[in-house]
Every structure is written in C-alpha cells, then in structure tokens.
Amino acid sequence: MNRRNFIGLTAAVATGGYAALKTSELGKEQNVTDGPPGKSAVAVLKATSYSADLVQPMLEGVRACGLNVRGKRVLLKPNLVEFDSATCINTDARVIAAAYEVMEKLGAAEILIGEGPGHRRDTYDLASEAQYFASVPDFERRFTDLNRDDVRPVSGFAEEATFYFPQTALRADLIVSLAKMKTHHWAGATLSMKNLFGLVPGSVYGWPKNKLHYIGIAESIVALNAQFRNTFAIVDGIIGMEGNGPIQGRPKQAGVLVMGGDVAAVDATCCRIMGIDPEKVDYLRLASQLGHIRPDRIEQRGETIQEVHTRFELIGAFERLRLA
Amino acid sequence: MADVYVENRRALLLRTQNVDGGWGYFPGKSSWLEPTAYAILALHGQGQSADSLARAWRLVESWQLPNGSWRAGSQVQDGTWVTALGLTLTSLMPSSDAARSKAVDALLRTDGAERCTKFRIMELLGLGHIEEDTSHAAWPWRPGTSSWIEPTVHSVIALKKAQALRPNLDVANRIREGEEMILSRRCADGGWNHGAPVALKIPIGSYPESTALGLLALQGRGKETGAPRELARRYYAITKSPLARAWLAIALRIWDEHPEFPVDNAPPPGDIMLAALQLLAHPEGNHDLFRTREIA
C-alpha cells in the first residue's frame with residue numbers, strides 16, 4: 001500500500017465525521033495537466049439578490065457559453081443537502097425556478113428535476129422545507145428522488161466492476177448541475193462537480209454514500225463527472241457558504257452566478273472568486289484531465305474575477321488552499 | 001372499524017404491488033426489498049392480504065443470495081444492508097431454518113470497515129485519527145464500508161428476532177456490540193443522526209427519523225434511553241417530515257407511549273415505503289412487529 005492509498009483510506013473513514021482528516025497530506029502527487037485542447041468558456045454574471053430577475057442573467061450566461069438544449073431531455077440537479085433556516089445550505093429554489101424557465105425558453109423537450117441527498121432520507125420533506133414545491137413550477141410532477149429511483153448498472157466507473165446509477169440520470173441528454181458555492185470541510189470546496197454525488201442512489205449505497213469515500217472523494221468527484229460528461233454547470237453564488245461548509249458554515253454573499261459547459265473550468269473559476277487556488281484543490285488537480293483549470297485556458301465571459309472576487313473564510317486545515 | 005387513513009394506505013399497497021410480487025419505492029417502479037419488506041410488515045395478519053403477502057414473500061425468498069445476504073432489489077445483484085430486513089421477515093413468514101441461519105451468518109460476517117487493520121495502522125502512523133469509538137462491531141450499508149446507524153439498527157432488530165427463535169452466544173454478543181455502537185454514536189442532544197455525532201470536533205445535531213430508529217434498536221435499555229425518548233417526543237410534536245413522524249410513532253409505541261395520531265383523510269402519498277410505514281405507525285397498525293425481546 002502506498003502513501004496515497006493510505007491517505008485515501010483516511011478520508012474514507014473521515015467523511016461524515018468519522019475522523020479528523022490530515023488534509024495537509026492530501027494528494028500532492030497529482031500534477032495539473034493541460035487538459036483537452038483549446039479553451040473553455042465560463043460566464044460570470046452578477047446577481048445581487050434572489051429577488052432580482054435571475055432568468056435574464058442566466059439566459060445571457062448560458063448563451064455566452066454556447067449551450068444548445070433544443071429538443072433535449074434536461075435534468076436539473078440542485079444541491080439539496082439538509083435544511084436549516086438559519087443558513088443557506090441548498091441551491092436556492094429561485095435559482096432552480098430560473099433555470100427551469102431558461103431551459104424552457106431555449107427549447108428543451110423535457111425538463112426534469114432530481115436529487116439524492118447524502119444524509120437525510122426524507123428527500124421530499126427537505127425539498128418542501130427548502131421551498132422547492134412552492135417556488136418551482138410543477139415541482140411535484142417533475143421531481144425524482146434519485147436515492148430511490150430505479151437503477152441500471154454501468155461498468156468501468158472508478159475501476160468498479162459494476163456501479164449503479166439512477167435511470168433518470170442515465171437517460172438525461174443533459175444534466176444541469178445547479179450547485180451552491182460553498183466551502184467543504186473535506187474537499188476544500190463543493191461546487192458543480194461534487195454536486196454529482198447526489199446522482200449516486202442511496203438505495204444501493206446508503207446514507208451517506210460511503211462507497212464514494214472509500215473510492216476517494218477526489219477520485220469519486222472526477223469519476224462521476226467522467227461518467228456524466230453531458231453536464232452543464234450553473235453555480236449559485238448569490239449567497240454561498242464559507243467556513244465549515246457544506247452544512248455548518250456561514251452565509252457569504254458573493255452575488256454571482258457562474259456557468260459553463262466545462263465543469264472543471266467553472267469550479268476553478270468559482271474557487272478563484274472565493275479566494276481559493278484551484279490548483280491546490282485535490283479534486284480539481286485530478287479534474288484537469290477532464291477540463292481546464294488554468295486561467296490561461298479559461299475564457300472568462302461577463303464579469304472578471306477581480307470585479308466579483310469575494311474572499312470566503314476557510315477552516316484552518318484549508319488555509320493552505322489560499323490564492324497567493 | 002378501520003378508518004379512512006388506514007384504508008387508503010392499505011388500498012394503495014394492494015393496488016401498487018408489482019406483478020413479480022414486490023413493491024417499488026413508487027407506483028409503477030421496479031421492486032425493491034426495502035419497500036417490499038415494510039409493505040409485508042404493514043399488511044401482515046390481514047385476511048384480504050394473504051395472497052398478496054405470499055407472492056411478495058416468494059419474491060423476497062428468491063432474492064436471498066447463496067452467501068445468505070439479500071439483494072437490494074430486482075436491478076441490484078449484490079447483497080447489502082437489506083439482509084437485515086430479509087432476516088426480520090424470516091421470523092414472520094414461512095421460512096426454512098437453513099435460510100434463516102445463512103442470513104444470520106451473513107450478518108455475523110459483516111462489520112464496519114473502520115475497524116480494519118489498515119485503519120488501525122494509519123492511526124498508529126499518525127496519518128489519520130478516527131473521532132468515533134470504533135471498538136464495537138456494527139454494520140455498514142454495503143460490505144467494505146464504514147458502519148452507520150440505520151443498517152446497525154435493522155441488523156440488531158433482525159438478530160434479536162432470530163435470537164428469540166434459536167439462542168446463540170455469538171448472536172447475543174453481536175447484538176450487544178451493535179447496541180453499544182449505537183449508544184456510542186449519540187449526538188450531544190441525546191438523539192442520533194446518520195452516525196456521525198461530531199466532525200472535526202464540532203458537534204452535529206440529531207435527526208428525528210434516526211433518533212426513532214436508535215430507540216427501536218435499544219428496546220429494553222431504559223436507563224440509557226431517557227434523553228432520546230424525551231427528544232423523540234419533542235421531535236414528534238414539531239417535525240414536518242412524514243417519514244420521521246412515522247418512525248417516531250412506531251418507536252414511541254414500542255416504548256409503550258401513545259403519541260396522538262392526527263385525523264387525516266387526505267389521499268396517501270404516492271410513496272409506497274412511506275405509506276407502509278404510516279400504516280405500521282397507526283395505533284391499529286402492526287408496529288408491534290418491530291418489538292424485540294430483551295437479550296439476557
């Protein structure tokens with residue numbers, strides 16, 4: 001067993017609160033690669049409040065990134081984790097409603113919504129508390145609890161002989177990862193790529209989906225995004241979360257929506273907005289095989305990072321991730 | 001006379017049973033063991049359900065694997081935590097001793113991976129520190145991963161039921177271990193969450209549904225469960241989660257309390273597992289099927 005395997009195992013037990021992870025030891029061996037040829041477009045749009053018109057900036061951003069959804073079956077995948085009225089853990093319902101309207105305007109053939117929370121079993125109650133039923137058109141009919149959806153096996157996921165995924169996710173032509181801009185006490189940050197943890201069915205892997213932790217958090221994030229390459233990211237950074245995210249942190253207003261078809265580039269851009277160096281984030285270094293995380297390979301549309309830069313507080317173990 | 005609430009849910013279950021005999025989590029979906037197990041428990045002992053139960057049990061029996069564990073559903077090939085539910089059903093449905101013994105053995109073979117030698121070496125080398133007490137053998141959702149509250153609760157209940165039929169020292173020891181693990185994972189507020197009361201030394205709160213489950217596993221341990229029972233009463237009064245309310249009502253009734261059940265004539269949710277649990281939780285429901293004997 002090499003050092004990296006050792007560290008991966010620590011993370012497996014650590015996740016979910018089992019142990020204090022020696023984060024400073026994590027993944028220094030993975031170098032940032034050049035990624036695919038060319039550059040990736042990432043749109044950063046100012047959106048100062050959830051009460052403002054979110055459809056127009058989202059539409060602008062999506063168009064700026066050249067997304068074509070016409071005739072496609074689209075799955076909107078919010079980040080619904082837990083509910084606490086005192087903070088802002090989940091993708092805001094108004095962001096989901098805006099994304100729904102944008103996809104409709106752009107001619108999507110079918111728009112579905114799905115999520116599989118990692119800890120709580122009553123997904124519908126969480127969705128209700130988070131105002132999803134009240135705010136998102138036709139939510140009840142369009143929503144699938146991905147933890148309890150029918151599944152289909154796939155081979156080759158993260159070197160597993162067989163891995164099961166919800167049929168709703170496998171059948172989607174396009175997944176829109178509607179993530180929340182948050183710090184994360186194991187991964188550093190949780191953005192559009194980690195949001196795909198919610199595609200793993202609890203009915204097979206449990207609550208939490210501990211198998212992913214045993215595969216490795218960074219490795220699982222990248223494997224999920226390699227499995228679901230048909231993903232477009234829209235990150236809700238209007239009010240994000242800093243400190244001890246993804247659940248116990250504090251609300252932090254960044255006033256932005258960040259989007260793009262290269263999820264690694266979107267997450268790297270979010271990190272830079274938050275004052276985190278994406279090249280120091282373990283999963284993003286690994287993700288540089290899939291997309292671009294270097295600034296010279298990302299074509300910024302809309303606002304510049306400097307204009308919207310908002311320093312998010314990090315827990316002590318992750319201060320090492322700060323942008324120089 | 002059964003009320004509308006009960007009749008609605010019973011009718012939903014009978015109407016949504018799949019051709020293969022099982023139930024999906026939602027109407028029209030493939031059969032899974034979890035909703036099927038709760039539907040069997042909810043419908044058990046009712047004359048008009050006999051044929052339905054026989055078909056359901058034939059399907060569940062067919063899902064037991066040669067190693068004694070149970071598949072999670074028609075689309076999943078490997079054994080998971082639902083082995084505990086399968087074993088619980090063997091104490092209720094016509095089952096062979098061999099099938100029950102194999103299931104008991106499968107549960108006795110299963111332990112949380114946090115107790116493996118690799119982790120112990122890691123701790124010794126200072127590569128990681130496990131915040132939880134890992135001295136007690138408990139159960140994971142899937143083999144090869146860490147142990148958590150819900151699979152441990154169902155395994156403890158299943159083994160207690162098996163133990164009542166055929167006492168065995170190894171089984172008794174694992175039951176005690178499981179109970180101790182559950183006690184060791186109590187949150188600061190006295191209840192339980194998924195199984196992580198702290199993360200990075202910061203306390204994490206309990207969940208109503210997990211608190212109810214914890215109480216189900218700890219039947220007979222009155223001294224240690226005063227605070228969680230008090231919390232369960234409070235949760236029952238305030239939680240909006242129908243799933244949590246159902247588990248809380250079941251747990252409180254098992255602890256000989258009588259939580260008020262709301263008069264509700266609304267149609268049942270299109271959530272089969274929830275409908276089955278609500279039926280079990282009703283004052284006239286089969287909640288006693290979760291009752292276990294104290295292990296000496």
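Calculation notes
- Residues numbered from 1 in each chain as written.
- Chains lettered and ligands numbered in written order.
- Predicted model: local features only at pLDDT ≥ 70, side-chain atom pairs only at ≥ 80, totals over all residues.
- Helix = DSSP H or I, 4+ residues; strand = E, 2+ residues; numbered from the N terminus.
- Rg over C-alpha atoms; globule rule 2.2 N^0.38 Å.
- Contact = placed C-beta atoms within 7 Å.
- Buried ≥ 20, exposed ≤ 12 C-beta atoms within 10 Å, placed from the backbone.
- Pairing = 2+ DSSP bridges.
- Right-handed = clockwise from strand over helix to strand, strands pointing away.
- Core = buried A, V, L, I, M, F, W, Y, C linked by C-beta atoms within 7 Å.
- Nonpolar A, V, L, I, M, F, W, Y, C, P; charged D, E, K, R; others polar.
- pLDDT = per-residue confidence, 0-100.

A.B. asks: Describe the overall build of chain A, and please don't skip the residues or the numbers.
C.D. replies: Secondary structure summary: chain A contains 13 helices and 12 strands in total. For chain A, whose C-alpha radius of gyration is 18 Å, the value lies close to the compact-globule estimate of 20 Å for 324 residues. Its C-alpha atoms put chain A at 50 × 45 × 40 Å along the principal axes. Sequence-distant contacts, at least 24 apart, represent 75% of the contacts inside chain A between residues at least 6 apart.

A.B. asks: Please give an account of the overall build of chain B that cites residues and values.
C.D. replies: Each helix and strand in chain B was counted, giving 12 helices and 5 strands. Radius of gyration (C-alpha) of chain B: 19 Å, near the 19 Å computed for a compact globule of 296 residues. For the C-alpha atoms alone, the extent of chain B along its principal axes is close to 60 × 45 × 35 Å. The proportion of buried residues among the 296 residues of chain B is 54%.

A.B. asks: Before we move on, could you go through the pairing of strand β3 (residues 73-78) of chain A and cite the residues and values that matter?
C.D. replies: All names here are of chain A. With 5 of 6 residues buried, β3 is to be regarded as a mostly interior element. Sheet analysis places β3 next to strand β4 (residues 110-115), joined by 4 bridges and oriented parallel. When the sheet's bridge partners are listed, Arg-73 is paired in β4 with Glu-110. Crossover connection from β3 via helix α3 (residues 93-105) to parallel β4: handedness right-handed. Pairing of β3 with strand β8 (residues 174-184), which is carried by 5 bridges, proceeds in the parallel orientation. If you follow Pro-78 over to β8, its bridge partner there is Leu-178.

A.B. asks: Tell me about the nonpolar core, and please be specific about residues and values.
C.D. replies: The biggest cluster of nonpolar side chains holds 184 residues, and the ones touching the most others in it are A:Ile96, A:Ala99, A:Val235, A:Tyr283 and B:Ala276. For A:Ala99, the residues in contact, after removing those within four places along its chain, are A:Met58, A:Leu76, A:Val176, A:Leu178 and A:Ile234.

A.B. asks: Tell me about the interface of chain B and chain A, residues and numbers included.
C.D. replies: Every contact between the two is made by 43 residues of chain B and, on the other side, 36 residues of chain A. Where the side of chain B that touches chain A is concerned, the elements lending two or more residues are β1 (70-73), β2 (76-80), α6 (117-124), β3 (128-130), β4 (198-199) and α11 (242-254) of chain B. Considering only residue class, the side of chain B that touches chain A consists of 22 nonpolar, 11 polar and 10 charged.

A.B. asks: Kindly report on the confidence of the model for chain B, identifying the contributing residues and their values.
C.D. replies: Overall, the prediction assigns chain B a mean pLDDT of 94, with 99% of residues at 70 or greater. Scoring the predicted complex yields pTM 0.95 and, for the interface, ipTM 0.96.

A.B. asks: Just give me the short version of the confidence of the model for chain A, but keep the residues and values in it.
C.D. replies: Residues and elements named next belong to chain A. Looking at chain A as a whole, its pLDDT mean stands at 92, while 91% of the residues score no less than 70. Every residue in residues 1-8 scores below 50 in pLDDT, and together they form 9 contacts with partners more than four places removed in sequence or on other chains. A low-confidence stretch, residues 14-28 (pLDDT under 50), is modelled with 51 contacts involving residues beyond four sequence positions or located in other chains.

A.B. asks: Which residues make up unusual backbone geometry, and what are the values?
C.D. replies: For the peptide bond that leads from A:Trp207 to A:Pro208, omega is 10 degrees, which places it in the cis range. With respect to the element layout, A:Pro208 can be found in the loop between α8 (202-205) and α9 (210-215). Note the cis peptide between A:Gly245 and A:Pro246, where omega equals 10 degrees. Assignment of secondary structure puts A:Pro246 in the loop between β10 (231-242) and β11 (250-260). At A:Ala158, a position not held by glycine, the phi torsion is positive, near 50 degrees. Note that A:Ala158 resides in the loop between β6 (151-154) and β7 (163-166). The residue B:Leu200 is not glycine, and still its phi comes out positive at about 55 degrees.

A.B. asks: Talk me through the pairing of β8(A); I want residue IDs and the actual numbers.
C.D. replies: Residue and element names in this part refer to chain A. Burial within β8 is extensive, with 10 of its 11 residues counted as buried. In the sheet, β8 pairs with strand β9 (residues 188-190) via 3 bridges, with the strands oriented antiparallel. When the bridges of β9 are listed, Thr-183 appears paired with Ala-189. Where β8 folds back on β9, the antiparallel hairpin that results is connected by 3 residues.

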